[in-house]
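Coordinate inspection notes
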Amino acid sequence: MSSMGDDDDFDGDICLFPITDCGSLEESEIDTHSISENESNRDASDENESDDDYTHKEKTKAFLSLRQRRLSRALASFEGLKVNINRAQRNWLNAIRKARHMDDPWEKFHLDDYPVEKCFRHRYSALRKTWLTDEVKVKMEKKAFNRGAMRECFRLKKLSSYSGSDNWNHTHNFVAKRYMEEVEREIYFQDVKLQMDAKLWGEEYSRHNPPKKVDIFQMYILEFKDRPDSPLYHCEHFIEGEYIKYNSNSGFVDEKMRNTPQAFSHFTFERSGHQMIVVDIQGVGDLYTDPQLHTLDGKEYGDGNLGAKGMALFFYSHVCNDICQSLGLSEFDMSENEKMIHASNKKMMRVIASCTMARGSELCLAPSPGESVDITELLKRQRSISTTSDSGFDGVLSPLDEEPGSMETGSSNKPSPAIAARRSRLRFCSESESSVTSVQIQMRKHILAPLSEEEEMRNFQLQMQQRHRPSCVALEKDLRQTNLALKYNDSALGKIHHEMAKYHEVGRFCDKDTENIDWDSALFHEIQAAELGELEAILTMAKLYLGQERDVLINCVIKDVEENVDQGMDYMVLAAEAGDRGAMLYVAKAFETGYLLGKRREVSWEDAIHWYDEALNAVNDNDEGGEYDSTMNDPPYAIMAKMAELYLQGGHGLDKLPEKAAEMYNMAAESAMEAMKGRLSSKYYALAEEANAQIEEEE
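The following refers to the structure shown. (Residues numbered from 1 in each chain as written. Predicted model: local features only at pLDDT ≥ 70, side-chain atom pairs only at ≥ 80, totals over all residues. Heavy atoms only, no water.)

Pairing in this open sheet of four strands is mixed, and the strands run S6-S12-S11-S9 from one edge to the other. Every interior strand has two partners, whereas the edge strands, strand S6 (215-216) and strand S9 (243-245), have only one. Where S9 lies against strand S11 (residues 282-284), three bridges are found, and the strand directions are antiparallel. Bridge pairing in S11 places isoleucine 244 opposite glycine 283. (Pairing = 2+ DSSP bridges. Helix = DSSP H or I, 4+ residues; strand = E, 2+ residues; numbered from the N terminus.)

Glancing now at the environment of alanine 615. Counting through the fold element by element, alanine 615 comes out in helix H22 (residues 605-617). Judged by its relative accessible area of 0%, alanine 615 is buried. Residues alanine 615 and aspartate 634 lie 19 residues apart in sequence; the distance between their C-alpha atoms is 9.6 Å. Residues contacting alanine 615, with those up to four places away along its chain left out, are Arg581, Met584, Leu585 and Ile639. (Buried < 20%, exposed > 50% of the residue type's maximum accessible area, 1.4 Å probe, protein only. Contact = heavy atoms within 4.5 Å.)

Below, the discussion takes up helix H9 (residues 307-317). For H9, the buried fraction is high: eleven of the eleven residues fall into the buried class. What H9 keeps buried is the set Gly307, Ala308, Lys309, Gly310, Met311, Ala312, Leu313, Phe314, Phe315, Tyr316 and Ser317.

What follows concerns the pattern of salt bridges. Counted under the stated rule, the structure contains 30 salt bridges. Between lysine 193 and glutamate 300 there is a salt bridge, with its nearest N and O atoms 3.4 Å apart. Taken together, the residues lysine 193 in helix H7 (residues 185-207) and glutamate 300 in the loop between strand S13 (292-295) and H9 connect sequence positions 107 residues apart. By relative accessible area, glutamate 300 is classed as partly exposed at 44%. (Salt bridge = Lys/Arg side-chain N within 4 Å of Asp/Glu carboxyl O.)

Moving on to the state of the cysteines. Put plainly, a disulfide is one covalent bond tying together the sulfur atoms of two cysteines. A complete count under the given rule lists zero disulfides for this structure. Cysteine cysteine 119 shares no disulfide, and the gap to the nearest cysteine sulfur, in cysteine 235, comes to 8.2 Å. Judged by relative accessible area, which is 0%, cysteine 235 ranks as buried. (Disulfide = S-S within 2.5 Å.)

On to the packing of aromatic side chains, then. All told, the structure shown has 17 aromatic pairs when counted by the stated rule. Summarising the aromatic geometry, the rings of phenylalanine 224 and tyrosine 233 are spaced 5.2 Å apart at their centres and angled 75 degrees between planes, so their arrangement reads as edge-to-face. Owing to a relative accessible area of 2%, tyrosine 233 belongs among the buried residues under this scheme. When the centroid spacing of 3.7 Å and the interplanar angle of 5 degrees are considered together, the rings of tyrosine 316 and phenylalanine 509 count as stacked. Linking tyrosine 316 in helix H9 with phenylalanine 509 in the loop between helix H17 (492-505) and helix H18 (519-531), this pair joins segments that are 193 residues apart in sequence. (Phe/Tyr/Trp six-rings, centres within 6.5 Å; stacked < 30°, edge-to-face > 60°.)

Where H22 meets helix H23 (residues 636-649), the axes come as close as 10 Å, and the angle between the chain directions of the two elements is 155 degrees. For the element pair H22 / H23, the angle class is roughly antiparallel. Crossing angle aside, the handedness with which H22 passes H23 is left-handed. Residues Trp605, Ala608, Ile609, Tyr612, Asp613, Ala615 and Leu616 of H22 form the contact with H23, whose participating residues are Pro636, Ile639, Met640, Lys642, Met643, Leu646, Tyr647 and Gln649. Its residues placed into classes, the contact of H22 with H23 shows twelve nonpolar, one polar and two charged. (Axes fitted to C-alpha atoms, helices over the stretch in contact; angles between N-to-C directions. Parallel < 35°, antiparallel > 145°, perpendicular 65-115°, else oblique. Left-handed = near helix turned anticlockwise from the far one by under 90°. Nonpolar A, V, L, I, M, F, W, Y, C, P; charged D, E, K, R; others polar.)

This is how it looks when you write it as structure tokens:
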């Protein structure tokens, strides 16, 4: 399959050598018999042949091509050599034989009668991330023969670039697609980039030798330059067969639950290091077309890219199969209730949609029964600080061999006939490539050479191998613990669990018969997200256990037990360590007053001073979400005054320091003056004088 996509011009230009005297399938099949055994089955001597046999032999030779004659003479010299043809090779021989005698299914549509049109062909080079443009000749029918939800299809034939003449007898069938509604031209190029990106992942998957290899249609753009406004069309091979949609970008899975498409999607998620996943798998057999990519940051690849939300939708309906296990893929953590739903395939079909969704177009049951809610608005609480989105994964596509003839290259945006010079990739020449002197070696270290296509592919495979991350929370936590530069909000898996909890909250996974929200599953995924360092999940769990208002799991209720306060305080300390200013202030006040501190902790003004100071230093930093939460109720001058008060009194592990108190009161007065709080500033100056007076008394 993959070879079909690797050849740039394998768009119908198959060179078939003539095969003669094929006979029936049984007569032509090659098994494990040796050539010498076949020779022994002939007559004892060529001299015993009759004249009729000799005449028949001469006629047979007349139909042999030059290539076949040379091959027959070469094989004759290896009479003792055993030729083993396995089942796959035999199937290929039979397929070629059938293709040679196959009638054109589009012959009745008389595409040869349509005029020849010249157009620009824009192809996307996978690994080099550049556009390639050349000129081709096509014949396309005027009326669409089929249409989908967004695009209509036209029959098309393209003349091979390898053909030296305008011979349309051996051209193959293509499908040209265009959007029925007017869209920006850039959308066509984004679609090609998406499909070729997914194609490379198909090749990477097949490289691991799964039971069935997969491939994705090679697609490019045809720009009809001689038509008004130079319209654009997507173009790809026409393949006959049953078209099946195996999964969608919103969690749908075909009832037959084929293993290969689902394992392929799961493979792309782990192999990319949780940065993307290929979904919306559909096509004929394991030759796919029109896939969709979800990226962690939700950028690129059109409105069908649902980001971490789309990944959550996939894993809700995904059940690991034998292929997942053979590829070493780990299972995504699910709650006990969700595992029971997975065990009942029919029940799952009632809670997932079968169509492809776009951002902002999905409606579901809200927490209030009967109320329709836009899920994008409810799940809009995205974090703006994400280190994983800057991991360097910027989309990689499958390699394309440049076709003979002149070809222009351009930018990764919208190409044009006049395309700028492409951006080349560079490598250092190896010192072991040839025998050179030490001086030459030093000189060659500074010489740059472009990477070959094979080197590009090897580099890609190596990068993917290094990025591989499991889908299991336990293994992900182990990887995070080995990372010395551990950060919060850096786990893609944590974001996916957090989004899944939100989907449960808004009723996305409700059984349509009962419409009951599965709060146990929502809580399960929120806990997983918190353990993986997702700050919003940590805050949600802290406020849930402490009984405070929250933005997520608003209506979730947990059992009231004594341990809730301790668990809530544990999560709040984690949120404070993650840099949330509101959590810092809460922890500081808890250590100061002992209110909702829990049984495992004691009042400690020293710890309170520490967290008040951390909150002051965090004023100039963005909180989670890019906002300055808690600065209205707890402005800097109020925090400075509270620290001064604690220093002035002392106790609970904090030494009494009047001089430090005076310093903090003066700082609070200056901060209040900057905030246009004149009376408050005067008050703080007066308190600073009282603190200085205590210093004099002690002296």
